[in-house]
Amino acid sequence: MAASARMIYLDHNATTPLDPRVLDVMLPFFTKDYGNAASTSHPFGWRARSAVDDARAVIAQAIHAAPDHDLVFTSGATESINLAFKGLRPEPGKNHVVTSRIEHKAVLDSCRNLEDNGAEVTYVGVDEAGRVDLKQLAAAIGDRTYLVSIMLANNETGTVQDMVAIAELCRDKGVVLHTDATQALGKIDVDLDKLDIGLASFSGHKLYGPKGVGALYVRGDLRHRMQPQIHGGGHEYGLRSGTLNVPGIVGFAEALDICTSEQPSESLHIMSLRMQLHDVITSQLDGVRLNGDLSGCLPGTLNLSFAYTDADSILLEMPDIALSSGSACTSAKAEPSHVLRAMGVGDELARASIRFGIGRFNTEEEIAYAARRCIDAVTRLRAMSPLVA
Ligand SMILES: *Cc1c(COP(=O)(O)O)cnc(C)c1O
């Protein structure tokens, strides 16, 4: 079905619409200030360069990165994660990586790639709310561990990790910490200096910026240990060659700037919509399981399992609401979510899970309508189910 005006978008963890204010600042860099940021011989290049420098400063400030650290612009979080995993040279004699079982496929597949190349990877478990087991994590880090990668906020459940404790653990053990902060950035505070994080991955299109742009943060002391994956003109501190996506970079920075300044009020608005959705659904339906918890979680993510149904049938019952069952990447295959499985959710309930991703432009009316559609859909499906007594 084509996206139409009467469709309600509740899939903001998959991607967000571009904020019109972001488009406004991007447009001149397509048509008027189209210079190559690497052209040093004329004002077209200088203007592009200075726009990129400004964008870099805005993003660095938003994530509390000191100026001597590097922000490498990429095509998105997937590329940033690949650069982090493939680019970080292990110290001599080390070849062990620790991550969690709830990571995004970009991290899990990057780990598989390291394994294919002879590294050893340990996948640490989580509790039923989706939080990394710190004891398991501490026990997993050994003498040959050189990298730990734990996401800041999960894309399926919104669960936020205790990154202060995780970073402390990694610092004590002298291991580099990478975090996939793609879902967290723009929604919750991301303070890399306080957290003492070595590498962090970000994406523009999850925070009302454009698709096809992201960044990898590289702490200053790690620069010499990073090797590029894309070779060419030596752009981006030699870590990522290729002509810079100036409109994308400018848009990414503007989008993040808007998120930062509006975060306090926007969080409250989005959290109240999530409470509304949660309360209406759970007050009218039995057999609803909350996957994750409502505190220590991204403001707009609500992941619910509806017993005696399956998510794909629910989605078919409400084609005017854009939603995901599990994560967009896993739902291409008919496998239950690896994230919910790791949290101890059984296959039946994992297959009956819907992810609501509420965003900036959703309204109370939309949430009320979506809640009613969902309640009706689940009620209809259960009426047809032989499993319901
Ligand atoms: C969307 C997402 C990614 C991938 O980001 P792209 O910019 O689309 O490559 C990685 N990790 C998480 C947690 C995400 O939500």
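What counts, and where the lines are drawn
- Within each chain, residues carry numbers counting from 1 in the order of the written sequence.
- The predicted nature of this model means local features are confined to residues of pLDDT at least 70 and side-chain atom pairs, given and counted, to a pLDDT of 80 or more, with totals for whole chains, interfaces and linings taken over all residues.
- Side-chain calculation: all heavy atoms of the structure are included, whereas hydrogens and water are not.
- Only a single heavy atom is needed: when it lies within 4 Å of a molecule or strand, its residue is near that molecule or strand.
- Under the rule applied, a polar contact is a pair of N or O atoms within 3.5 Å (in protein, one hydrogen donor and one hydrogen acceptor; residues adjacent in sequence only if both atoms are side-chain atoms).
- Amino acids outside the nonpolar list (Ala, Val, Leu, Ile, Met, Phe, Trp, Tyr, Cys, Pro) and the charged list (Asp, Glu, Lys, Arg) are all regarded as polar, and Gly is one of them.
- Think of it this way: any DSSP run of H or I at least four residues long counts as a helix, any run of E at least two long counts as a strand, and we number them from the N terminus.
- The span one expects for a helix is its residue count, reduced by one, times 1.5 Å.
- Three labels apply to residues, based on accessible area from a 1.4 Å probe with only protein chains included: buried if under 20% of the type maximum, exposed if over 50%, partly exposed otherwise in between.
- Whether two residues are in contact is decided by their heavy atoms: any pair within 4.5 Å suffices.
- Two strands form a pair only when DSSP identifies at least two bridges running between them.
- Interaxial angle, 0 to 180 degrees, is taken between N-to-C directions of lines fitted to C-alpha atoms, where a helix line uses only the stretch in contact.
- In this scheme, roughly parallel covers angles under 35 degrees and roughly antiparallel covers those over 145, while 65 to 115 is roughly perpendicular and the rest are oblique.
- By the definition used in this description, the sense in which the near helix is turned from the far one sets the handedness, with an anticlockwise turn below a right angle giving left-handed and a clockwise turn giving right-handed.
- Patches here are clusters of residues that have more than 30% relative accessible area and form no salt bridge, with a 9 Å joining cutoff for like charges and a 5 Å cutoff for nonpolar side chains (Val, Leu, Ile, Met, Phe, Trp, Tyr).
- Accessible surface area values rest on a Shrake-Rupley calculation with a 1.4 Å probe, where residue burial reflects the displayed protein chains alone.
- Here, a salt bridge means any Lys or Arg side-chain nitrogen found within 4 Å of an Asp or Glu carboxyl oxygen.
- Working definition: rings of Phe, Tyr and Trp (its six-membered ring) pair if their centres are within 6.5 Å, and the pair is stacked with planes under 30 degrees apart, edge-to-face with planes over 60 apart, and tilted otherwise.
- The criterion for a charge sitting over a ring is simple: Lys NZ or Arg CZ within 6 Å of the ring centre, and within 35 degrees of the ring normal.

Our focus in this paragraph is the site of the ligand. Lining the immediate surroundings of the ligand are Gly76, Ala77, Thr78, His104, Met151, Asn155, Asp180, Thr182, Gln183, Ser203, His205 and Lys206. A distance of 2.9 Å separates an oxygen atom of the ligand from a polar backbone atom of Ala77. A distance of 2.6 Å is found between an oxygen atom of the ligand and a side-chain nitrogen or oxygen belonging to Thr78. Among the residues forming the shell around the ligand, the class breakdown is two nonpolar, eight polar and two charged.

Looking now at helix α13 (residues 364-384). An α-helical turn contains 3.6 residues, so a residue and the one three or four places further along point in the same direction. The end-to-end C-alpha separation of α13 is 31 Å, in line with the 30 Å expected for 21 residues at 1.5 Å each. Along α13, the residues classified as buried are Ile367, Ala370, Ala371, Arg373, Cys374, Ile375, Ala377, Val378, Leu381 and Arg382. Against the buried residues of α13 lie α9 (246-284), β10 (301-306), α10 (311-317), β11 (321-322) and β12 (353-357).

Moving on: the sheet that holds strand β2 (residues 70-74). Read from one edge of the open sheet, seven strands run β2-β8-β7-β6-β5-β3-β4, paired in mixed fashion. In this open sheet, the two edge strands, each paired with only one partner strand, are β2 and β4 (120-124). The average undirected angle you get between the axes of adjacent strands in this sheet is 20°. For β2 and strand β8 (residues 214-218), the ladder comprises five bridges, and the chain directions are antiparallel. When the sheet's bridge partners are listed, Val72 is paired in β8 with Leu216.

Before going further, it helps to examine the packing of α9 against α13. As a packed pair, α9 and α13 sit with axes 9 Å apart at the nearest point and diverge in direction by 25°. As the angle between them shows, α9 and α13 are arranged roughly parallel. The element α9 and its partner α13 pack so that their crossing is right-handed. For the pair formed by α9 and α13, the contact residues are Leu273, Gln276, Leu277, Val280, Ile281 and Gln284 on the first element and Glu364, Ile367, Ala368, Ala371, Cys374 and Ile375 on the second. In terms of residue class, the contact of α9 with α13 is built from nine nonpolar, two polar and one charged.

We now examine helix α5 (residues 105-116). Between the first and last C-alpha of α5 there are 16 Å, a value that for 12 residues agrees with the 16 Å anticipated at 1.5 Å per step. Those residues of α5 that fall on the buried side of the exposure criterion are Ala106, Val107, Leu108, Ser110, Cys111 and Leu114. Buried positions along α5 lie against α4 (77-87), β3 (96-100), β4, β5 (145-149), β6 (176-180) and α11 (338-342). One or two steps after α5, the chain reaches Gly118, where phi turns positive at roughly 100°.

The next thing to look at is a nonpolar patch on the surface. A cluster of nonpolar residues, Leu18, Leu23, Leu27 and Phe30, forms a patch on the protein surface that exposes about 340 Å² of accessible area. In this structure, Phe30 sits in helix α2 (residues 28-31).

Moving on: the side chain of Asn303. Considering the arrangement of structural elements, one finds Asn303 in strand β10. Of the polar contacts made by the side chain of Asn303, one reaches the side chain of Ser353; its length is 3.2 Å. Excluding its chain neighbours within four sequence positions, the residues that come into contact with Asn303 are Glu156, Thr157, Arg289, Leu290, Asn291, Leu340, Ser353, Ile354 and Arg355.

To continue, consider the pairing of β5. In terms of burial, β5 is a largely internal element, five of the five residues being buried. Here β3 runs beside β5; their pairing, made up of four bridges, is parallel. Bridge pairing in β5 links His96 to Thr145.

The tally for this structure, following the rule as stated, stands at two aromatic pairs. Ring geometry for Tyr34 and Phe44: centres 5.3 Å apart, planes at 25°, overall stacked. Taken together, the residues Tyr34 in the loop between α2 and α3 (43-62) and Phe44 in helix α3 connect sequence positions 10 residues apart. You can call Phe44 partly exposed: its relative accessible area is 34%. Taking the centre distance of 6.0 Å and the plane angle of 90° together, the rings of Tyr208 and Phe361 count as edge-to-face. Linking Tyr208 in the loop between β7 (199-203) and β8 with Phe361 in the loop between β12 and α13, this pair joins segments that are 153 residues apart in sequence. The side chain of Arg47 reaches across the aromatic face of Phe44, ending 5.7 Å from its centre. Against the face of Tyr208 rests Arg360, its NZ or CZ located 4.1 Å from the ring centre.

This paragraph deals with the environment of Ser75. Tracing the backbone shows Ser75 in the loop between β2 and α4. Taking the relative accessible area as the measure of exposure, Ser75 reaches 37% and is therefore partly exposed. Distance in space between the C-alpha atoms of Ser75 and Gly204 is 9.1 Å, their sequence separation being 129 residues. In contact with Ser75, not counting residues within four places along its chain, are Gly212, Val213, Gly214 and Arg240.

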